[in-house]
Amino acid sequence: MAEITAGMVKELREKTDAPMMECKKALTEAGGDMAKAEEILRVKLGNKATKAATRIAAEGVVGMYLSADGKLGAMVEVNSETDFVAKNDEFIALAKACAELVATKNPADVAALSALPLGEGTVESTRTALIGKIGENMTIRRFARIEAKGKLAAYVHGGSKIGVLVDVTGGDDQLGKDIAMHIAASKPKALDASGVPAELLDTERRIAIEKAREAGKPENMLEKIAEGTVQKFLKDVTLLGQVFVKAEDGKQTIEQLLKSKGATVNGFTLYIVGEGIEKKQSDFAAEVAAQAAAAKK
């Protein structure tokens, strides 16, 4: 059996916020498999046992570009070390300029975007000059370019921390704006069930079965219970299945809203700044002590 180290327990606790002893027990049961241990904790403690999906620590902004006719749009995520720099006018201008270049020049990747002309130099030289001026690292992380089948609606939220582009056919401009705002608020993982990864559904199914088994449900009912859980999960994470955030009755889904307007959503892109990035957590007191010790030497 794999040795369960204090470091492994600490890592699982930081991922899940579960009690230390529960983390150790889960890791022991999982034979040291971190992903399996996280599943075990979710079975025992529910969704409160995981905060990794919502812990967004990196700073930065989403730069947005949308053509006047709504047929072409782009988003670029540019990261910084601190929120202070993310509010810097030159930093924000760089992100917006990059988004326009993505839309108009259609670069293949971040490296190609970095090589494009900007100002008196290139995107890369502008970025490095800004780093030198501000004294903080900043990186271009990713971008998306969309040519609409219908018409694009764009929305940025929270100081440009969340960006949405949604392609809507039919309806009017207000509908497009409402859908984009809904996406920013509800953060769907996919348009419909076909876009949800199979492994994600398998995980939800396994957890549902184990929860039902621990609750003493009959074995012949486990699959049916799990299927019901998966269907509820799909409604929660797919755009068309979600309840519209502005629904007056609190029941109307996005699919029903679109049908009532004779419209369809062809696709969407959602960027959340720092999503999936873990920012290094520093111990300020320890840093001060270390600097004082170095000064004495």
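Since we're looking at a predicted model, the values are computed, not measured.

What counts, and at which threshold
Residues numbered from 1 in each chain as written. Predicted model: local features only at pLDDT ≥ 70, side-chain atom pairs only at ≥ 80, totals over all residues. Heavy atoms only, no water. Helix = DSSP H or I, 4+ residues; strand = E, 2+ residues; numbered from the N terminus. Buried < 20%, exposed > 50% of the residue type's maximum accessible area, 1.4 Å probe, protein only. Contact = heavy atoms within 4.5 Å. Areas by Shrake-Rupley, 256 points an atom, 1.4 Å probe, with all protein chains shown as cover. Expected span 1.5 Å × (residues − 1). Phe/Tyr/Trp six-rings, centres within 6.5 Å; stacked < 30°, edge-to-face > 60°. Lys NZ or Arg CZ within 6 Å of the ring centre and 35° of its normal. Salt bridge = Lys/Arg side-chain N within 4 Å of Asp/Glu carboxyl O. Pairing = 2+ DSSP bridges. Axes fitted to C-alpha atoms, helices over the stretch in contact; angles between N-to-C directions. Parallel < 35°, antiparallel > 145°, perpendicular 65-115°, else oblique. Left-handed = near helix turned anticlockwise from the far one by under 90°. Nonpolar A, V, L, I, M, F, W, Y, C, P; charged D, E, K, R; others polar. Polar contact = N/O pair within 3.5 Å; in protein donor to acceptor, adjacent residues only side chain to side chain.

Draft legend 1. Local environment of the overall build of the chain. Helix and strand content of the chain: 12 helices and eight strands. The 297 residues of the chain split such that 41% are buried. Long-range pairs, those at least 24 residues apart, make up 63% of the contacts in the chain with a sequence separation of at least 6. Approximately 16,500 Å² of the chain is accessible, and the part contributed by carbon and sulfur atoms is 54%.

Draft legend 2. Local environment of helix H9 (residues 198–214). Between its first and last C-alpha, H9 extends 24 Å over 17 residues, near the 24 Å set by a 1.5 Å rise per residue. By the burial criterion, the buried members of H9 are Leu201, Thr203, Glu204, Ile207, Ala208, Ile209 and Ala212. In the core, the buried residues of H9 are packed alongside helix H3 (34–45) and helix H10 (222–237).

Draft legend 3. Just the packing of aromatic side chains, in detail. Counted according to the given criterion, the structure contains zero aromatic pairs. Here arginine 142 stacks its cationic end above the ring of tyrosine 271, 4.0 Å away from the centre of that ring.

Draft legend 4. Structural context of the pattern of salt bridges. Taken as a whole, this structure holds 17 salt bridges when the rule is applied. Where lysine 87 meets aspartate 83, a salt bridge forms, and the shortest distance between an N and an O atom there is 3.2 Å. Using a relative accessible area of 59% as the deciding quantity, one classes lysine 87 as exposed. For aspartate 83, a relative accessible area of 26% puts it in the partly exposed group. Between arginine 127 and glutamate 124 there is a salt bridge, and its shortest N-O distance comes to 2.7 Å. Of this pair, arginine 127 and glutamate 124 both sit in helix H7 (residues 123–134), three residues apart, which is roughly one turn of that helix.

Draft legend 5. Representation of unusual backbone geometry within the structure. One non-glycine residue, asparagine 106, adopts positive backbone phi at about 50 degrees. For lysine 187, which is not glycine, the phi torsion reads 50 degrees and is therefore positive. Among the structural elements, lysine 187 can be located in the loop between helix H8 (173–186) and H9.

Draft legend 6. Expanded view of the pairing of strand S2 (residues 72–80). Most of S2 sits inside the fold, with nine of its nine residues counted as buried. The alternating pattern of S2 places Leu72, Ala74, Val76, Val78 and Ser80 and Gly73, Met75, Glu77 and Asn79 on opposite faces, both of which are buried. Two elements, strand S1 (residues 59–66) and S2, share eight bridges in a ladder whose sense is antiparallel. Paired with valine 61 across the strands is valine 78, a residue of S2. Counted between consecutive antiparallel strands, the loop separating S1 from S2 contains five residues, among which glycine 70 sits at a positive phi close to 75 degrees.

Draft legend 7. A look at the packing of helix H2 (residues 20–29) against H3. Two elements in contact, H2 and H3, have axes whose closest approach is 8 Å; the angle formed by their N-to-C orientations is 125 degrees. Accordingly, the angle class assigned to the pair H2 and H3 is oblique. Relative to H3, the crossing made by H2 is right-handed. Listed contacts from H3 to Glu22, Cys23, Ala26, Leu27 and Glu29 of H2 are Met34, Ala37, Ile40, Leu41 and Lys44. Grouping the constituent residues of the contact of H2 with H3 by class yields seven nonpolar, no polar and three charged.

Draft legend 8. Structural view of the side chain of serine 80. Among the structural elements, serine 80 can be located in strand S2. Polar side-chain contacts of serine 80 include one of 3.0 Å to the backbone oxygen of threonine 82. Every residue in contact with serine 80, bar those within four places of it in the chain, is listed here: Glu59, Gly60, Val85, Ala86, Phe91, Glu136, Asn137 and Met138.

Draft legend 9. Inspection of the sheet that holds strand S6 (residues 151–157) at higher detail. Strand order across the open sheet formed by three strands is S6-S7-S8, with antiparallel pairing between neighbours. The sheet is open, and its two edges are formed by S6 and strand S8 (264–272), each paired on a single side. Across the sheet, the axes of successive neighbouring strands diverge by a mean angle of 15 degrees, strand direction being ignored. Here S6 runs beside strand S7 (residues 162–169); their pairing, made up of seven bridges, is antiparallel. When the sheet's bridge partners are listed, lysine 151 is paired in S7 with valine 168. Strands in contact with H8 are S6, S7 and S8; relative to S7, the strand with the most contacts, it is inclined by about 140 degrees.

Draft legend 10. Focus on the sheet that holds S1. Sheet architecture is open: three strands sit in the order S1-S2-S5, paired in antiparallel fashion. This sheet does not close on itself; its edge strands, each paired only once, are S1 and strand S5 (138–147). Averaged over all pairs of adjacent strands, the angle between strand axes in this sheet comes to 15 degrees, irrespective of strand direction. The strands that helix H5 (residues 89–105) touches are S1, S2 and S5; relative to S2, the one it contacts most, it runs at about 145 degrees.

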